[in-house]
Amino acid sequence: IRDDTRCSFRAFATRIDGAELELDAELTESWSLHAGLGWLDSRHVRGAYRLFSEDFVLRGARATDAPRNTAILGAIWRGPGGWSAGIDAYHAGRAESSTFVADAVNELVPLPREAYTVLDARLGWQGEHLGVTLTASNLFDEQYIDRYVERRAYSRVIGEPRQVDLLLSWRF
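The notes below deal with the structure included here. (Residues numbered from 1 in each chain as written. Predicted model: local features only at pLDDT ≥ 70, side-chain atom pairs only at ≥ 80, totals over all residues. Heavy atoms only, no water.)

Points about the pattern of salt bridges
Any two side chains of opposite charge can pair, given that their charged atoms come close.
Thought 1: Under the criterion given, the structure shown has 5 salt bridges.
Thought 2: Among the salt bridges present, the one from arginine 43 reaches aspartate 41, with a minimum N-O distance of 3.3 Å.
Thought 3: With a relative accessible area of 30%, arginine 43 lands in the partly exposed category.
Thought 4: The shortest N-O distance in the salt bridge between glutamate 114 and arginine 94 comes to 3.3 Å. With a gap of 20 residues between them, glutamate 114 in the loop between β9 (108-113) and β10 (116-126) and arginine 94 in the loop between β7 (83-92) and β8 (95-102) connect regions that are remote in the sequence.
Thought 5: On the basis of relative accessibility, which here comes to 47%, the residue glutamate 114 falls in the partly exposed class. (Salt bridge = Lys/Arg side-chain N within 4 Å of Asp/Glu carboxyl O. Buried < 20%, exposed > 50% of the residue type's maximum accessible area, 1.4 Å probe, protein only. Helix = DSSP H or I, 4+ residues; strand = E, 2+ residues; numbered from the N terminus.)

A look at the sheet that holds strand β14 (residues 163-170)
Backbone-to-backbone hydrogen bonds pair the strands of a sheet. The strands run either parallel or antiparallel.
Thought 1: Spatial strand order, β2-β3-β6-β7-β10-β11-β14: 7 strands in an open sheet with antiparallel pairing. Each edge of the sheet is formed by a strand with only one pairing partner; in this case those strands are β2 (13-26) and β14. Along the sheet, successive strands turn relative to each other by an average axial angle of 10°, direction set aside. (Pairing = 2+ DSSP bridges. Axes fitted to C-alpha atoms, helices over the stretch in contact; angles between N-to-C directions.)

Describing the packing of aromatic side chains
Thought 1: Tallied over the entire structure, the rule returns 1 aromatic pair.
Thought 2: Between tyrosine 116 and tyrosine 144, the ring centres sit 3.9 Å apart and the planes meet at 15°, which makes this aromatic pair stacked. One end of the pair, tyrosine 116, is in strand β10; the other, tyrosine 144, is in the loop between β11 (130-137) and β12 (145-150), and 28 residues separate them in sequence.
Thought 3: Since its relative accessible area comes to 16%, tyrosine 116 is described here as buried.
Thought 4: Its relative accessible area of 13% is what places tyrosine 144 among the buried residues. (Phe/Tyr/Trp six-rings, centres within 6.5 Å; stacked < 30°, edge-to-face > 60°.)

This is the structure we're talking about:
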């Protein structure tokens, strides 16, 4: 790496350990529930980050942009006459970003990406041929930082805003 390089990573290796647990349950003929939990521990075992002409060792630091914990909880209702509704809550725990800043003692530390939770919902009707589904992603328009990117200044990438879709389908 040249000394005039502003910022770069040297070759590094990462160890990733994790587990997921999922549960799907038919509670009644009309109601079903699904839930999931995820755990991830990702750490650098080798590597360095160069900022201007100074190297910062990454060994032991968490890998970036990977939330330590994730969770989902949702329910689906299937009613008479082809009606259905569902709701899902998604949670992503705090994660380290790939953007580094100096802390109070001038150590280089990753800028954290805070935890967030979003809620999705859907309502639908399915007839013999025609189907109609209304979906809303990020129902309450939660504003959250999805990740940071490094350009000339630190930039945040904001997560997806609320989106509402209407789907019409026809079965032959």
